[in-house]
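Overview (structure and organization)
So you can see what is in the structure, the chains are spelled out below.
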Amino acid sequence: MFSFTVRSFFQKLVTLFFISVISFLVIYLAPGEPSQIDPLNPKFTPEDLQRFRQEFNLDKPLHVQYYLYYKNLFTGQLKSWKDNQPVMAKINERFLNSLWLFIVGTLITWCLSFPVGINAAINRGSFSDRTSTLLAYVLISIPSFFFAYILIIFVVQTFHVPVIGMQTFGMTGAGKLYQAMDRIWHLVIPSILGATGGIALLSRYVRAQMLEVIHQDFIRTARAKGLSADRVYYSHGLRNALLPFVTMFGLILPGLIGGSVIIESIFAWPGMGRMAFEAILARDYPIILTINFVAAVLVLIGTFISDLLYMVVDPRIRL
Amino acid sequence: MSSARNRVGIEMRMKADEQDVNKLSQGLAVEVSRFSEAWRIFRKNRLALWGMVIFILFFVVALSGLVLTYGDDPVLDPSKVRMPEKLLAPLSTVNREMVAPEDWPAFGVYLLGTDDLGRDVFARMMQGAWVSLTVGFVAVGIAVAIGLVLGGIAGYYGMVKVRLVYLLCAAALCAASVFLFSGQGRGAVYVSLGALFILGLSYALLRHGEDSLLYRVLSFDTIGVDTLIMRFVDIMLCFPAFFLILTVVAILPPSIYNIMVVIGLTGWMGTTRFVRAEFLSLREQDFVSAAKVMGISDTSIIFRHMIPNAIAPVLVSATIGIASAILTEAGLSFLGFGVPPPHATWGNILSDGKRFLFDAPWLTYIPGLSILVIVLSFNLFGEGLRDALNPKLRKR
């Protein structure tokens, strides 16, 4: 266990190094420079351009820029090119906003997909099984931006509540209860959208896993003992079908960043995805690179946690 | 008529049965081709069958869309602006007094309405269908090609170790291309000359001094090919895919080819893993050993014997990959980074229409539902293929 941890840590460190190199090269070697973002602006004189390039080390060789970028990142000195604010502070602030979406979305995913998947597996071939299968495919296939607009039309016309942004403008004077309700209404649609793909995939996995387990010998034995159906399925079956999902706890970490770009842009949600989108529009390289780096770190931590959980949950697995 | 056809069918079946009986009497198994076996299973899956029907229909529509909207004076003009006719509902007829006859849509009817510039949404959808189709197929084609090559190498030559000299040369070439891209041509020349020198040196040493220390250092086995490729796959999997595609597409000049290439270059990891796994298991099987013993060349073994056996999961993941490539392109177009205007894609029709969500909902529903139906059909078709082509699932 200890040797696995150490070995895996160093492997991941090497991977992270290559990721940092590749993402740096991809962004810095692309044609066009951030200093050319607004070439027609008459206020942006050649002297300004020179100062800009000097200020952000753009006139130095590539490897020096790489070194300076990661030195600044790790010492917390990294500044956004757009507004000169420290990058980590900006990301931190947005991260907390995204965290809400992520937590609610994950809760919705896990609470919905398990009952649906287990039900589909137990009643295999029934009407509910086929419906949930088709629905899962529809949820995977629906473009999130289209689904977002359907939900907006539905919620706005049925409940008459505003849904764009994190809260309604001018609610600061209202009572605590009103404010809380307002926040919840704003949270619901984006987190449902964030959960759609997850619900579809996870319910399919649960169904497949459960199907595999309930065709095994120990389930037949449990049935033959005369146990009730609930006990057979939930106590004997589900416990064995759960193993892969415990490990999925680690793998959902990267969901904090990936995939939220479109949803956060539509709902004007001040989170990581929206910040990434704005940074791309403004060619704010430090922010783009740092978000990429944070995402990669989250993926690596996630796989590490899931590897560890594999071992803890299932002692048969040796790594 | 139908009874006659039935009789022909029965006769044919009887003939087939006779052949089967003959085979069985000779102690041979009944011949069932792989395709007909797969088709027998696939046919039972009604959803997958529908998926295939829509898949073929979409192909026809996209091709006719290309033909009808192509050229200087197309039948369906997707970029004709008619200001008096803006935001008309589907199936409304053209106002023959306000619009000049040469600007009328086909048959004088806007089948799917018009957008905020009075452009015919039907024509734009037809044009966008071709974009979706090509983006899906080209991107997945690139991904599958890379995946087949890398996965094949990792699976077949995985045990081979890379010598230090090759690693040095590869690193030097990478550095050279970096120099080249960052506009320092002289550096690129120096580094690639260095790489050539190392290569030439090791070759000369191979001819003359095999015992020398330098040769031993240069031919030192470093790392397995398999490890190298799979580590690279791991690295690529750590990037948040959509964010990476968005970044690169936003930085590069807007063009449909860039989008195809970028989606393809970020989507090959799954195929690589499948192909490697298949190759690893195939390599140990008897027919491959037999082929090796017969002295058949590696190329022939790989392309004639192994790839046909490993292609099934690749086909499945390619079908599903097309679906996700179409979704990705639509997402990029929606965010404004897709195919540059005035070319229409389903994503940018929806993106333009979202401002009129409550006044002209068809501008949202028509492209949205089309994307949904097409992606759904690809997904269902792919899943059906997986069940039909996977021999392990047949027993159940």
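Fair warning: this is a prediction, and the values are worked out from it, not measured in the lab.

Helix and strand counts for chain B stand at 16 helices and four strands. Among the 396 residues that make up chain B, the fraction classed as buried is 42%. Element-wise, carbon and sulfur atoms account for 66% of the exposed surface of chain B, whose accessible area totals about 21400 Å².

Below, the discussion takes up the overall build of chain A. Counting secondary structure elements, chain A contains 13 helices and zero strands. In chain A, the order of α-helices and β-strands from amino to carboxyl end is α-α-α-α-α-α-α-α-α-α-α-α-α. Projected onto its principal axes, the C-alpha positions of chain A cover 85 × 60 × 35 Å. The proportion of buried residues among the 319 residues of chain A is 43%. Long-range contacts, defined here as pairs at least 24 residues apart, represent 74% of the contacts in chain A between residues at least 6 apart. Surface summary for chain A: the accessible area is close to 16900 Å², and the carbon and sulfur share equals 66%. Placing the 26 positive and 18 negative side-chain charges of chain A at their respective mean positions leaves the two points 10 Å apart.

The interface of chain A with chain B comprises 43 residues on the first partner and 41 residues on the second. At the boundary of chain A with chain B, total buried surface from both sides reaches about 4000 Å², with 84% on carbon and sulfur atoms. For chain A, the biggest contributors to the area lost against chain B are F145(A), F146(A) and Y149(A); these three give 16% of the whole. Summed over the shared surface of chain A and chain B, the result is zero salt bridges. In this structure, the connection of chain A to chain B is made through three residue pairs in polar contact (both at pLDDT 80 or more). Going through the elements one at a time, α1 (2-29), α5 (127-141), α6 (144-159), α11 (260-266), α12 (272-282) and α13 (285-313) of chain A are the ones with two or more residues in the side of chain A that touches chain B. If one sorts the elements of the side of chain A that touches chain B by residue count, α1(A) sits on top with ten residues.

Attention now goes to the packing of helix α13 (residues 298-335) of chain B against helix α14 (residues 346-353) of chain B. Residue and element names in this part refer to chain B. In contact at an axis separation of 7 Å, α13 and α14 are set at 35° when each is read in the N-to-C sense. Relative to α14, the crossing made by α13 is right-handed. Here α13 contributes A330, S333 and F334 to the contact with α14, which in turn contributes G347, N348, L350 and S351. When the residues that make up the contact of α13 with α14 are grouped by side-chain class, the tally is three nonpolar, four polar and no charged.

Below, the discussion takes up the domain arrangement of chain A. Assigned domains within chain A: domain 1 (2-75) and domain 2 (94-285). Between the C-alpha centres of domain 1 of chain A and domain 2 of chain A the distance comes to 35 Å.

It is worth spelling out the pattern of salt bridges at this point. All names here are of chain B. For the coordinates displayed, the defined rule picks out twelve salt bridges over all chains. For the salt bridge of D115 with R124, the shortest nitrogen-to-oxygen distance reads 3.8 Å. Residue D115 is classed as buried on the basis of its relative accessible area, which comes to 6%. Across the pair D234 and R273 runs a salt bridge, and its minimum N-O distance is 3.2 Å. Placement of the pair is D234 in helix α8 (residues 225-237) and R273 in helix α11 (residues 269-283), with a sequence separation of 39 residues. R273 sits in the partly exposed class, given a relative accessible area of 40%.

This next bit is on the nonpolar core. In terms of nonpolar packing, the biggest core is built from 139 residues, with Y28(A), F145(A), I266(A), L246(B) and L335(B) touching the most fellow members. At 17 residues, α13(B) tops the list of elements feeding residues into this core. Summarising the domain contributions, this core has at least three residues from each of domain 1 (2-75) and domain 2 (94-285) of chain A. If you look at the next biggest cluster of nonpolar residues, it comprises 17 residues, including A121(A), V206(A), V213(A) and I219(A).

Below, the discussion takes up the environment of G368(B). When you line up the elements, G368(B) lands in helix α15 (residues 362-389). On the basis of relative accessibility, which here comes to 0%, the residue G368(B) falls in the buried class. Sequence separation between G368(B) and I146(B) is 222 residues; the distance between their C-alpha atoms is 31 Å. With sequence-adjacent residues up to four places away left out, G368(B) is seen in contact with P143(A), F146(A) and L350(B).

Right, let's get into the packing of aromatic side chains. Under the definition given, this model contains 29 aromatic pairs over all chains. Considering the side-chain rings of Y69(A) and Y70(A), the 4.6 Å spacing of their centres and the 85° angle between planes classify their relative orientation as edge-to-face. Taking the relative accessible area as the measure of exposure, Y69(A) reaches 4% and is therefore buried. Following the ring pairs from residue to residue traces out a cluster consisting of W39(B), F42(B), F55(B), F58(B), F59(B), F137(B), W346(B), F378(B) and F381(B).

Within the span of helix α10 (residues 243-251) of chain A, buried status applies to F245(A), T247(A) and G250(A). Structurally, α10(A) contributes buried residues whose contacts are with α4 (87-122), α7 (176-214), α9 (229-241) and α13 of chain A.

We now examine the packing of helix α2 (residues 34-44) of chain B against helix α3 (residues 46-69) of chain B. Residue and element names in this part refer to chain B. Relative to each other, α2 and α3 sit at 100°, their axes nearing to 5 Å. On the basis of the axis angle, α2 is roughly perpendicular to α3. Where α2 approaches α3, its residues W39, F42, R43 and K44 are matched on the opposing element by R46, A48, L49 and M52.

With that settled, consider a nonpolar patch on the surface. A contiguous nonpolar surface patch, about 650 Å² in accessible area, is contributed by Y166(B), V189(B), Y190(B), L193(B), L196(B) and L199(B). A relative accessible area of 37% places L199(B) in the partly exposed class.

Moving on to the confidence of the model for chain B. Residues and elements named next belong to chain B. Looking at chain B as a whole, its pLDDT mean stands at 81, while 88% of the residues score no less than 70. Across chain B, element-level confidence peaks in helix α4 (residues 121-156) with a mean pLDDT of 91 and bottoms out in helix α16 (residues 391-394) with 56. Taken over the whole predicted complex, pTM reads 0.84, whereas the ipTM for its chain interfaces reads 0.85.

Time to look at the environment of V178(B). With respect to the secondary-structure elements, V178(B) resides in helix α5 (residues 164-181). In the structure, V178(B) is positioned ten residues away from A188(B) in sequence and 7.7 Å away in space, judged by C-alpha atoms. Discounting residues that sit within four places of it in the chain, V178(B) has contacts with L25(A), L29(A) and L62(A).

This part covers unusual backbone geometry. Residues and elements named next belong to chain A. We note that A268 has phi near 50°; this positive angle belongs to a residue other than glycine. Turning to its location among the elements, A268 is positioned in the loop between α11 and α12. The exposure class of A268 is partly exposed, given its relative accessible area of 32%. Backbone geometry at R283 places phi at a positive 55°, although glycine is not the residue there. Looking at where R283 falls in the secondary structure, it is placed in the loop between α12 and α13.

What counts and what doesn't
- Residues numbered from 1 in each chain as written.
- Chains lettered and ligands numbered in written order.
- Predicted model: local features only at pLDDT ≥ 70, side-chain atom pairs only at ≥ 80, totals over all residues.
- Heavy atoms only, no water.
- Helix = DSSP H or I, 4+ residues; strand = E, 2+ residues; numbered from the N terminus.
- Buried < 20%, exposed > 50% of the residue type's maximum accessible area, 1.4 Å probe, protein only.
- Areas by Shrake-Rupley, 256 points an atom, 1.4 Å probe, with all protein chains shown as cover.
- Contact = heavy atoms within 4.5 Å.
- Lys, Arg positive; Asp, Glu negative; His and termini not counted.
- Charge placed at Lys NZ, Arg CZ, Asp CG, Glu CD.
- Buried area = accessible area lost by both parts, 1.4 Å probe.
- Salt bridge = Lys/Arg side-chain N within 4 Å of Asp/Glu carboxyl O.
- Polar contact = N/O pair within 3.5 Å; in protein donor to acceptor, adjacent residues only side chain to side chain.
- Axes fitted to C-alpha atoms, helices over the stretch in contact; angles between N-to-C directions.
- Left-handed = near helix turned anticlockwise from the far one by under 90°.
- Nonpolar A, V, L, I, M, F, W, Y, C, P; charged D, E, K, R; others polar.
- Domains from an automatic or database assignment.
- Core = buried A, V, L, I, M, F, W, Y, C linked by side-chain atoms within 4.5 Å.
- Phe/Tyr/Trp six-rings, centres within 6.5 Å; stacked < 30°, edge-to-face > 60°.
- Parallel < 35°, antiparallel > 145°, perpendicular 65-115°, else oblique.
- Patch = residues over 30% accessible without salt bridge, like charges linked within 9 Å, V, L, I, M, F, W, Y side chains within 5 Å.
- pLDDT = per-residue confidence, 0-100.

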